[in-house]
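What the coordinates show
Okay, here's what each chain looks like letter by letter:
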Amino acid sequence: MKRSLLALMLTTIAGSTFAYNAQLDGGFTYIDIDNDAIDNAGQLDAKGTFYFEPVQTKNGPLNEAAFLGHNSNVYGTYSYNYVDSDTYYVAGEKFSAETDIHSIAAGVEYFYEQFYLNGEIGFAQNNVKITEAGYSSDEDYDVTTYRALVGFMPISNLLLAAGVNGYQGDDSEDDDAAFAVKAKYVTPIGQNGQYLNLEADGAFGDFDAVTIGADYYFDQAFSIGTAYNLQDDGEDDVDFFSVRSKYFINNNLAVGGEVGFGDDVQTFNVNATFRF
């Protein structure tokens, strides 16, 4: 009886927490590339966020609580990408390749009345291992990334920001500092607790990239959305479309998924969020 009462108390506490100080996000993406040379590819992502003041969930979507509350924060991210080729023969010699990319970044988001600041710096290490005719070689390529945005909220829950998004590699010819823009708007729909999130990000330099997305919140906990990404390196355009969903089991725990489709590539993502 005592054990049942304790379990009930813990469940009630977990389901009635309306404020949190930190958030952990993690996910894995399987990448299916329509290429006979590629064996498998994937990406692992992790992010930790600490808020200067507790985030109040209130009555809006749980997934947008920090944005709606204008909660300043610091965050750190890590991602791991891998691409492994099939073993095949070139001029009668066995050949294979493995690519690993480790990326870390740290940043801050700061809200002050109607003003918004975002600064981020990151580092990525690319390693390519090639095995040919029984011999192996390793090549490393390092990249430093940075991002700085200044924004303004002209009306409630609408953010407009602009700045710079750049990177510097081992080869200075690959350096780029792109003009960056960001927009986000969260608004209620009707009187039934439903919300709509609209967002866009863009970077325009030697390499252009634009992403637009929308999420429909049926209630506080459940959403379905879509996103479209277009990339242009000056020679070829590559576009990518995805459908995503997220569900909060309670105020502290959420699970999500996303399916994406592009030129000769499909992706399948699962992710989770934990707040405390």
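Reference entry: report on the structure contained in this document. Keep in mind that what you see is a predicted model, and the values were worked out from it rather than measured.

Conventions and cut-offs
Residues numbered from 1 in each chain as written. Predicted model: local features only at pLDDT ≥ 70, side-chain atom pairs only at ≥ 80, totals over all residues. Heavy atoms only, no water. Core = buried A, V, L, I, M, F, W, Y, C linked by side-chain atoms within 4.5 Å. Buried < 20%, exposed > 50% of the residue type's maximum accessible area, 1.4 Å probe, protein only. Helix = DSSP H or I, 4+ residues; strand = E, 2+ residues; numbered from the N terminus. Contact = heavy atoms within 4.5 Å. Salt bridge = Lys/Arg side-chain N within 4 Å of Asp/Glu carboxyl O. Phe/Tyr/Trp six-rings, centres within 6.5 Å; stacked < 30°, edge-to-face > 60°. Lys NZ or Arg CZ within 6 Å of the ring centre and 35° of its normal. Pairing = 2+ DSSP bridges. Polar contact = N/O pair within 3.5 Å; in protein donor to acceptor, adjacent residues only side chain to side chain.

**Considerations on the nonpolar core**
If you look at soluble globular proteins, the nonpolar side chains tend to sit buried side by side. Counting residues in hydrophobic clusters, the biggest one holds 11 residues: Phe 67, Phe 111, Tyr 116, Leu 149, Met 153, Leu 159, Ala 161, Ala 180, Val 186, Tyr 195 and Tyr 217. When contributions to this core are tallied by element, the ones reaching two or more residues are strand S8 (158-169) and strand S9 (176-189). If you look at the next biggest cluster of nonpolar residues, it comprises five residues, including Tyr 20, Val 55, Ala 65 and Ala 66.

**Comments concerning the side chain of Asn 126**
If you trace the backbone, Asn 126 turns up in strand S6 (residues 115-132). With a relative accessible area of 18%, Asn 126 lands in the buried category. Beyond its immediate stretch of four places on either side in the chain, Asn 126 contacts Asp 100, Ile 101, Glu 139, Asp 140, Tyr 141 and Val 143.

**Regarding the pattern of salt bridges**
Applying the stated criterion across every chain, the model contains six salt bridges. Across the pair Lys 184 and Glu 64 runs a salt bridge, and its minimum N-O distance is 3.1 Å. A residue pair is termed long-range when its members are at least 10 positions apart, and Lys 184 in strand S9 and Glu 64 in the loop between strand S2 (38-56) and helix H2 (65-68) qualify at 120 residues. For Lys 182, the salt bridge is made with Glu 109, and the minimal N-O distance between the two is 3.7 Å. A residue pair is termed long-range when its members are at least 10 positions apart, and Lys 182 in strand S9 and Glu 109 in strand S5 (residues 93-112) qualify at 73 residues. As far as burial versus exposure is concerned, Lys 182 and Glu 109 are alike and both buried.

**Considering the packing of aromatic side chains**
In the structure shown here, the tally under the stated rule is eight aromatic pairs. Ring centres 5.3 Å apart and planes at 20 degrees place the aromatic pair Phe 218 and Phe 222 in the stacked group. The exposure class of Phe 218 is partly exposed, given its relative accessible area of 36%. Ring pairing ties together the aromatic residues Tyr 216, Phe 218, Phe 222 and Tyr 247, which thus form one cluster. Sitting over the ring of Phe 67, Lys 184 keeps its end group 5.3 Å from the ring centre.

**Brief notes about the pairing of strand S12 (residues 222-232)**
Pairing between strand S11 (residues 208-217) and S12: 10 bridges, direction antiparallel. For Tyr 217, the partnering residue across the bridge sits in S12 and is Ser 223. As paired strands, S12 and strand S13 (residues 237-248) are joined by 11 bridges and run antiparallel to one another. Pairing of Thr 226 across the sheet is with Val 243, part of S13. Counted along the chain from S12 to the antiparallel partner S13, the turn is four residues long, and its residue Gly 234 has a positive phi close to 95 degrees.

**Describing the environment of Thr 226**
On the secondary structure map, Thr 226 appears in strand S12. When the C-alpha atoms of Thr 226 and Glu 258 are compared, they prove to be 8.9 Å apart, with 32 residues separating the residues in sequence. Among the polar contacts made by the side chain of Thr 226, one reaches the main-chain carbonyl oxygen of Ser 242 at a distance of 2.9 Å.

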